[in-house]
Structure formats: C-alpha cells, structure tokens
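# Remarks on the overall topology
Single-letter residue listing:
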Amino acid sequence: KAGVTQTPRYLIKTRGQQVTLSCSPISGHRSVSWYQQTPGQGLQFLFEYFSETQRNKGNFPGRFSGRQFSNSRSEMNVSTLELGDSALYLCASSSGQGTEKLFFGSGTQLSVL
Amino acid sequence: KNEVEQSPQNLTAQEGEFITINCSYSVGISALHWLQQHPGGGIVSLFMLSSGKKKHGRLIATINIQEKHSSLHITASHPRDSAVYICAGLDIDNDMRFGAGTRLTVKP
C-alpha cells in the first residue's frame, strides 16, 4: 500500500505570493489533517478534512485554507504569504472512524523570502 | 505555559539503557498520540492511547487519563532510536495539542 504522498517536497516563495500544497492519503483513508511545524512553535494543528468537509480547524488566520476532493486527496492553500509562514507543512491520513494512529507524509518545506 | 508539557527536553543515553519520556497535559483529552520524528522531518505514529498500556517491540506507552499523564518507555535502547519523540493530545474539540518534543540521542 502506498504511503501518504505530499508534493512538492520543497518550495520557495516570496512575501505576498500564494501557495498550494497537495496531499494524497493512503488508499481508503477518508481523513486528512494538516500541520505546521516551525523551530519556534513546534507542531501545530491546522485543520482536518473528512469526506470533503472540514471537520476541525486550529487557531490559524483565514489566509490558511484547505479543501478535500472526492478521491480524498487534499490541498492546502496559503494566501498573501508572510515570512513567518516559512515552515514544514505535514499532512496525515487515517480512516477517520475514531481515535486511531495517523500516517504522516514526508512534508513540504516552504521557505518564504 | 504550554498545555502539553514533555520532559526531559533533551536526553542522552548509552546503548542498552532503559529510557522514559514523560508527557503531562492540562487540558481534557480523549486520546494521546506518541510520535517519532527522525532528522529530515518524517514522522511515524508509534501509539495512540486512550487508557492503560500498549506495547510494540521494545516500546511501551502508558496513560492515566485522570492524572493527565502519559509515559513512553524504550527498553534496551539502540542508536537507531535516536529521534525526537512528541506527544500529542486530542482535546474535546478534536484538535491536536502537541508537546514540544524530547530529543533523544542514544550513543553506542
């Protein structure tokens, strides 16, 4: 079974631009969650999607948004990038049926210049 | 004060030693994850616990929901166990609250 795939692996953008990150979950998994990891703040929960609906949302500004498609693939968008958005963005998938282990992708390293 | 506290922050051990990493939380949670992150960023979910104890190979995780405390134990530690270990609690809103991580180095 293929693991969770995130693309791209690395991304460099400038302030004010927008960016879209992609996450393909493990086949059969319907839940995709997104996380931001920085050296200063550690790991923080962004949001979770289940069956194309946002089920939970962390404490991030509206510039951070996401969506999930019918095949469970998910995208995350950050608009009007700021220097502080530089981070490793990770997604994880699960079946979404309850509390269970998560399967993480390798992440997208975003640098905002 | 972070809602999820891990200790120690850094830990160096000799190969073969028994290791304990602790996680305490101040918010109500329904379950707790233990994660392992190797250099390069990849995260592996080790355990998800809502009560009691789980064991997988040399790893043991325990949780006491009432006392708001969980521990991760590694028996017969090995250099390949060197990684950052992170606990994360699932709160009542189903948001994940992360600890800052424990950096473990196991020397041969």
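Our subject is the structure listed above.
Residues numbered from 1 in each chain as written. Chains lettered and ligands numbered in written order. Predicted model: local features only at pLDDT ≥ 70, side-chain atom pairs only at ≥ 80, totals over all residues. Heavy atoms only, no water.

### Focus: the overall build of chain A
Defined as follows: Runs of E in the DSSP output that reach at least two residues are strands. Runs of H or I that reach at least four are helices, and both are numbered from the N terminus. Each radius of gyration is computed over the set of C-alpha atoms, and the globule rule expresses the reference value as 2.2 Å times the number of residues to the power 0.38. Burial classes follow relative accessibility: with a 1.4 Å probe on protein chains only, a residue under 20% of its type's maximum area counts as buried, one over 50% as exposed, and anything between as partly exposed.
Helices and strands together make up the secondary structure of chain A, namely zero helices and eleven strands. Written out in order from the N terminus, the α and β elements of chain A read β-β-β-β-β-β-β-β-β-β-β. The C-alpha atoms of chain A give 13 Å as radius of gyration, which agrees with the globular expectation for 113 residues (13 Å, within 12%). Taking the principal axes of the C-alpha coordinates as reference, chain A spans close to 40 × 25 × 25 Å. When burial is assessed residue by residue, chain A has 50% of its 113 residues classed as buried.

### Considering the pairing of strand S7 (residues 64–68) of chain A
Residues and elements named next belong to chain A. Applied cut-off: Whether two strands pair comes down to DSSP finding at least two bridges between them.
Looking at chain direction, S7 and strand S8 (residues 74–78) are connected through five bridges and run antiparallel. Directly across from Arg-67, in S8, lies its bridge partner Glu-75. Remark: five residues form the turn of the hairpin made by S7 and S8, two consecutive strands paired antiparallel; Ser-72 in that turn has positive phi of roughly 75 degrees.

### Examining the sheet that holds strand S3 (residues 19–25) of chain B
All names here are of chain B. Under the convention used in this document: Between N-to-C directions, angles span 0 to 180 degrees; the directions come from axes that are lines fitted to C-alpha atoms, helices contributing only their stretch in contact.
Strand order across the open sheet formed by five strands is S1-S3-S8-S7-S6, with antiparallel pairing between neighbours. In this open sheet, the two edge strands, each paired with only one partner strand, are strand S1 (4–7) and strand S6 (52–56). For this sheet, the mean angle separating the axes of adjacent strands, direction not counted, is 15 degrees.

### Let's talk about the environment of His38(B)
Residues and elements named next belong to chain B. To keep it simple, the criterion reads: Contacts were defined at the residue level, with two residues in contact if any of their heavy atoms lie within 4.5 Å. Here a polar contact is recorded for every N or O atom pair within 3.5 Å, except that within protein the pair must consist of a potential hydrogen donor and a potential acceptor, and residues adjacent in sequence are included only if both atoms are side-chain atoms.
Tracing the chain through its elements places His-38 in the loop between strand S4 (29–37) and strand S5 (43–49). Separated by 30 residues in sequence, His-38 and Pro-8 place their C-alpha atoms 18 Å apart. Beyond its immediate stretch of four places on either side in the chain, His-38 contacts Arg-80, Ser-82 and Ala-83. Here the side chain of His-38 touches Ser-82 through a polar contact of 3.3 Å, landing on its backbone oxygen.

### Points about the interface of chain B and chain A
Rule in force here: Buried area is a sum: the accessible area each of two parts loses on coming together, probed at 1.4 Å, counted once for each and added. The rule for a salt bridge is simple: a side-chain nitrogen of Lys or Arg has to be within 4 Å of a carboxyl oxygen of Asp or Glu.
Contact residues are listed per partner, giving 19 residues for chain B and 15 residues for chain A. Both sides together, the interface formed by chain B and chain A hides about 1,400 Å², and carbon and sulfur atoms give 62% of it. It is Ile43(B), Ser45(B) and Phe98(B) in chain B that bury the most area against chain A; as a group they hold 34% of the surface buried on that side. Where chain B packs against chain A, one counts zero salt bridges. At the boundary of chain B and chain A, one finds two residue pairs in polar contact (both at pLDDT 80 or more). Where the side of chain B that touches chain A is concerned, the elements lending two or more residues are S4, S5, strand S9 (83–91) and strand S10 (96–98) of chain B.

### Topic: the state of the cysteines
Heads up, the condition is: Note on disulfides: each one is a pair of cysteine sulfur atoms within 2.5 Å.
In the structure shown here, the tally under the stated rule is two disulfides over all chains. Disulfide partner of Cys23(A): Cys91(A), at an S-S distance of 1.9 Å. Every disulfide takes its handedness from the sign of the S-S torsion; for Cys23(A) and Cys91(A) that torsion is 75 degrees, giving right-handed. With Cys23(A) in strand S3 (residues 19–24) and Cys91(A) in strand S9 (residues 87–94), this residue pair connects regions lying 68 residues apart in the sequence. Note on Cys91(A): relative accessible area 0%, which makes it buried. Cys23(B) shares a disulfide with Cys87(B); S-S distance 2.0 Å. Judged by the sign of its S-S torsion, about 80 degrees, the bond between Cys23(B) and Cys87(B) is right-handed. A residue pair is termed long-range when its members are at least 10 positions apart, and Cys23(B) in strand S3 and Cys87(B) in strand S9 qualify at 64 residues.

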